[in-house]
Amino acid sequence: MFDTVLIANRGEIALRVMRACRELGLRCVAVYSEADREAPHVAYADAAYLLGPAPSAESYLSIPRIIEVAQQAGAGAIHPGYGFLAENADFARAVAAAGMVFIGPPPEAMERMGGKTAARREATDAGVPLVPGTLEPLESLDEIRRLGDAYGYPIAIKAVGGGGGRGLRVVRTPDEIADAFASARREAEVAFKNGALYVEKYLTNPRHIEIQILADTHGNAVAIGERDCSVQRRHQKLIEECPSPALTPQIRAEMGTAAVRLATSVNYVGAGTLEFLFEDGHYYFLEMNTRIQVEHTVTEMVFGVDLVKAQIRIAQGEKLWLRQEDLVPRAHAVECRINAEDPLANFRPALGTVGEYREPSGLGVRVDSGIRANYAIPQFYDSLLSKLITWGADRNEAIARMRRALADYQIGGVITTIPFHQAAMAHPIFISGDVSVNFIGQHPELIETTRSFAPPAPEPGTSETPTEPRNLTVEVNGKRFGVRLFGDLPAGAAPAAAAAKSSRRGPERRGSSQMAVKVDGVVSPIQGRVAAVRATPGQEVTAGQVLFIIEAMKMENEITAPHAGKLGEVLAQEGTTVESGAVLATFQH
Ligand code: MV4
């Protein structure tokens, strides 16, 4: 039916999809931007085509350019991966119109589950439980006040176009409604070009549990267990596992049945995920993700199903070969997202070039990586470098293996989330399995433990010439010696010196430049656009008071006063762009 697949994506997921294609005997065509010429997914493909400049809009998001390249390459199908165009119904239509197969759901099903309120109406019709809330967008603040009285506080104001927590505001008292509504609307308009908002009762301590489904083109569908993705920070998942420590076989079966019913009711085809909140033994449908997800890997390890291959086989018209009664979890898997982010600086994106690179291996370890040794990480895309997945006979074995694998994973030159994961895997609450979506926020000691796992930062001013002794291995007449080197090697010995420099040493950034100057002021932790200024010169502020809103990556970030005091100057102006580390306001003394 098709023998060549174009993978309209980059990074680890492009590689993941290409591996599945290879195993099915299909040719793989990669696409890349000008920033990705050296990227591993390009090297792995059977053929690769340049899309355009680095910004996604001109490369990985350019529908006409991708279609053009696919036809040039003789592709019969396109796999979108996740992100970029994966949930874009117009793209799915354009692929079909050009005579190719879109490896994903029909555009109509995507659209029926695309809007939040639309999805809530579909769930209601299919008899799937929802958090109490509205099925239609809201306009008036009075209406929200009435709903707040009806449900009880807190309530959530959410964006109809929503996703990833954008446009989500929690309202704890009626007098917070006006500000929350305005802020949610601004964020939703920027992020989704759709300012429509609706309201739900807010659950204060839920788990995030999602059901994986597969549906074929013949009306058959199965649920393949759940994933527990409760450990996340600011709506970015960090750790996922399968099965959830919180579900009984009965609830699992019930949620699976509900998920299949809802997917079938919208004529869904392919792999999909239905997200639920889970609290006090009850589950509530949130939204559907009409794509393969980052964390699909843990389901694969526990159920022995290759979900990406399944997507392709379903797109080829194959009838579902899995029987629901066989789909029982018989192992436990955990995934840690290895991001180029500094967990000790609010997880801000870290830049750099990977130097030394060594992946863990051995029984029960899987690494789905988008990087390699000596790889400069482009700044244009998301910060996910690789996914480390471990599994075992039970949860404790999977976690112990994860601790071992994290310690074995060496990524030189870039700050990553590995030390955070080491801290999480040692945390008694995580080990007990009793976590909610608030886990990271409620346990600041996690960050302290992260510090103890982080490689030591180099002394300021020593970034290029290490002065501390280095451990080297030398071979003399066929015998290996470990030596401790004080000072530098002669220039002729450059390769060894370079390797030593990157090994086990902290990346160059922490404690450098902008952090070295101490200013008493309000500092922006991120680069972004100043969306709102709530500070005036000379104002008395309290610690934690919201003074600025910085919009970055289409998210609004509240910048708060680091301590109480009287403001001096207010330097940031609404509508301007500020750098990470910029002083937004100063304190008077
Ligand atoms: C909620 C909620 C509690 N009650 N809705 C956040 C992102 C968006 N997809 C849905 N989110 C939430 N919606 C109600 N009615 C709590 C969250 C939530 C959350 C959900 C999933 C994973 C992590 C989360 C972290 C904070 C809040």
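Just above sits the structure.
From a predicted model like this one, the values you see are computed outputs, not experimental measurements.

Novice: Where do I start with the packing of helix α13 (residues 418-425) against helix α16 (residues 445-453) in this structure?
Specialist: A packed helix pair is summarised by two numbers, namely the angle formed by the two axes and the spacing between the axes. For the pair α13 and α16, interaxial distance at closest approach is 8 Å and the crossing angle is 120°. With respect to α16, the element α13 is oriented oblique. The interaxial crossing formed by α13 with α16 has right-handed handedness. Residue-level contacts link P419, F420, Q422, A423 and A424 of α13 to L446, I447, T449, T450 and F453 of α16.

Novice: What am I meant to see in empty space enclosed by the protein here?
Specialist: Empty space among the atoms becomes apparent when a probe as large as a water molecule is rolled across them. Per the counting criterion, the structure on display carries 2 cavities of 30 Å³ or more. Considered as a void within the structure, the largest cavity measures approximately 100 Å³ in volume. If you trace the largest cavity, you find it lined by R10, G11, E12, G370, I371, Y375, I377, P378, Y381, D382, L384 and L385. Within the residue set of the lining of the largest cavity, elements represented by two or more residues are α1 (11-23) and β21 (384-392). Partitioned by chemical class, the residues of the lining of the largest cavity number 7 nonpolar, 2 polar and 3 charged. Here the second largest cavity defines a volume of roughly 40 Å³. Along the lines of polarity and charge, the residues of the lining of the second largest cavity split into 6 nonpolar, 5 polar and 1 charged.

Novice: When you look at the packing of aromatic side chains in this model, what are you seeing that I'm missing?
Specialist: Tallied over the full model, the rule gives 9 aromatic pairs. When the centroid spacing of 6.0 Å and the interplanar angle of 90° are considered together, the rings of F91 and F102 count as edge-to-face. Of the two residues, F91 sits in helix α4 (residues 89-97) while F102 sits in strand β5 (residues 101-102), which places them 11 residues apart along the sequence. In this structure F91 comes out as buried when scored by relative accessible area, which is 0%. What makes F102 buried here is its relative accessible area of 10%. Between the aromatic rings of F380 and Y381, the centroid separation amounts to 6.1 Å while the plane-to-plane angle is 50°, which identifies the pairing as tilted. Residue F380 is classed as partly exposed on the basis of its relative accessible area of 45%. In textbook terms, an aromatic cluster arises when at least three aromatic residues are bridged by ring pairs, as seen for Y60, F84, F380 and Y381. Here the basic side chain of R22 rests over the ring of Y44, its NZ or CZ set 4.5 Å away from the ring centre. The residue whose ring lies beneath R313 is W321, and the NZ or CZ to ring-centre distance is 3.6 Å.

Novice: What is the right way to look at the pattern of salt bridges in this model?
Specialist: Pairing is possible between side chains that carry opposite charge, provided their charged atoms lie close to one another. With the rule as written, the count across this model stands at 38 salt bridges. Here E12 and K387 are joined by a salt bridge, their closest N and O atoms 2.9 Å apart. Here the residue E12 occupies a position in helix α1, and K387 occupies one in strand β21, the gap between them amounting to 375 residues. Neither E12 nor K387 differs from the other in exposure class; each is buried. The shortest N-O distance in the salt bridge between E226 and R252 comes to 2.8 Å. With E226 in strand β10 (residues 221-233) and R252 in helix α9 (residues 249-265), this residue pair connects regions lying 26 residues apart in the sequence. R252 shares its class with E226; the two are buried. Overlapping salt bridges, with partners in common, bring together E210, R227, K237, E240, E275, E295 and R337 in one network.

Novice: Explanation requested: the site of the ligand in the structure shown.
Specialist: Surveying the vicinity of the ligand reveals 15 residues, the closest of which are K158, E200, K201, L203 and H208. One of the side-chain N or O atoms of K158 is found 2.8 Å from a nitrogen atom in the ligand. Residue L203 places a main-chain N or O atom 2.9 Å away from a nitrogen atom belonging to the ligand. Compared with its free state, where it exposes 520 Å², the ligand has 92% of that area covered by protein. Those elements that provide at least two residues to the shell around the ligand are β8 (197-201) and β13 (282-289). Partitioning the shell around the ligand into residue classes produces 7 nonpolar, 4 polar and 4 charged.

Novice: How do you make sense of the environment of P428 when you look at a structure like this?
Specialist: Turning to its location among the elements, P428 is positioned in helix α14 (residues 428-432). Put simply, P428 and Q316 are 112 residues apart on the chain and 46 Å apart in space, counted from C-alpha to C-alpha.

Novice: How should I be thinking about helix α8 (residues 177-192) in this particular structure?
Specialist: What sets the pattern is the α-helix's 3.6 residues per turn: residues three or four places apart point alike. Look at α8: 21 Å from first C-alpha to last across 16 residues, which is about the 22 Å you get at 1.5 Å a residue. In the core, the buried residues of α8 are packed alongside α7 (141-151), β6 (155-159), β7 (169-171), β8 and β29 (555-560). The first or second residue beyond α8 is K193, which carries a positive phi of 50°.

Novice: Any chance you could explain the side chain of E279 here in plain terms?
Specialist: As for its placement among the helices and strands, E279 is situated in strand β12 (residues 270-279). In this structure, E279 is buried with no salt-bridge partner, the nearest side chain bearing the opposite charge being K201 at 7.8 Å. In contact with E279, other than residues within four places in its own chain, are L203, T204, N205, P206 and Y284.

Novice: Before we go on, may I ask you to explain the packing of α7 against α8 in this structure?
Specialist: Taken N-terminus to C-terminus, the directions of α7 and α8 make an angle of 115°; their axes are 10 Å apart at the nearest point. Between α7 and α8 lies a crossing of right-handed hand. Between α7 and α8, the contacting residues are L141, I144 and R145 on the first element and I177, A178 and F181 on the second.

Novice: Is there a simple way to explain unusual backbone geometry in this structure?
Specialist: Glycine aside, residues mostly have negative phi angles, and peptide bonds mostly take the trans form. Going from Y153 to P154, the amide bond is cis rather than trans, its omega being 0°. Looking at where P154 falls in the secondary structure, it is placed in the loop between α7 and β6. Following C242, the chain continues into P243 via a peptide bond in cis, with omega recorded as -5°. Its location among the elements puts P243 in the loop between β11 (236-242) and α9. One non-glycine residue, H235, lies in the positive phi region at around 70°. Mapped onto the elements of the fold, H235 is located in the loop between β10 and β11. When its relative accessible area of 40% is taken as the criterion, H235 is described as partly exposed.

Basis of the calculations
- Residues numbered from 1 in each chain as written.
- Predicted model: local features only at pLDDT ≥ 70, side-chain atom pairs only at ≥ 80, totals over all residues.
- Heavy atoms only, no water.
- Axes fitted to C-alpha atoms, helices over the stretch in contact; angles between N-to-C directions.
- Helix = DSSP H or I, 4+ residues; strand = E, 2+ residues; numbered from the N terminus.
- Parallel < 35°, antiparallel > 145°, perpendicular 65-115°, else oblique.
- Left-handed = near helix turned anticlockwise from the far one by under 90°.
- Contact = heavy atoms within 4.5 Å.
- 1 Å grid on protein atoms, 1.4 Å probe; cavity = no way out; pocket = protein on both sides within 12 Å on 5 of 7 lines; lining within 4 Å.
- Points joined across faces, edges and corners; volume = space filled by probe spheres on them.
- Nonpolar A, V, L, I, M, F, W, Y, C, P; charged D, E, K, R; others polar.
- Phe/Tyr/Trp six-rings, centres within 6.5 Å; stacked < 30°, edge-to-face > 60°.
- Buried < 20%, exposed > 50% of the residue type's maximum accessible area, 1.4 Å probe, protein only.
- Lys NZ or Arg CZ within 6 Å of the ring centre and 35° of its normal.
- Salt bridge = Lys/Arg side-chain N within 4 Å of Asp/Glu carboxyl O.
- Near = heavy atom within 4 Å.
- Polar contact = N/O pair within 3.5 Å; in protein donor to acceptor, adjacent residues only side chain to side chain.
- Areas by Shrake-Rupley, 256 points an atom, 1.4 Å probe, with all protein chains shown as cover.
- Expected span 1.5 Å × (residues − 1).
- Lys, Arg positive; Asp, Glu negative; His and termini not counted.

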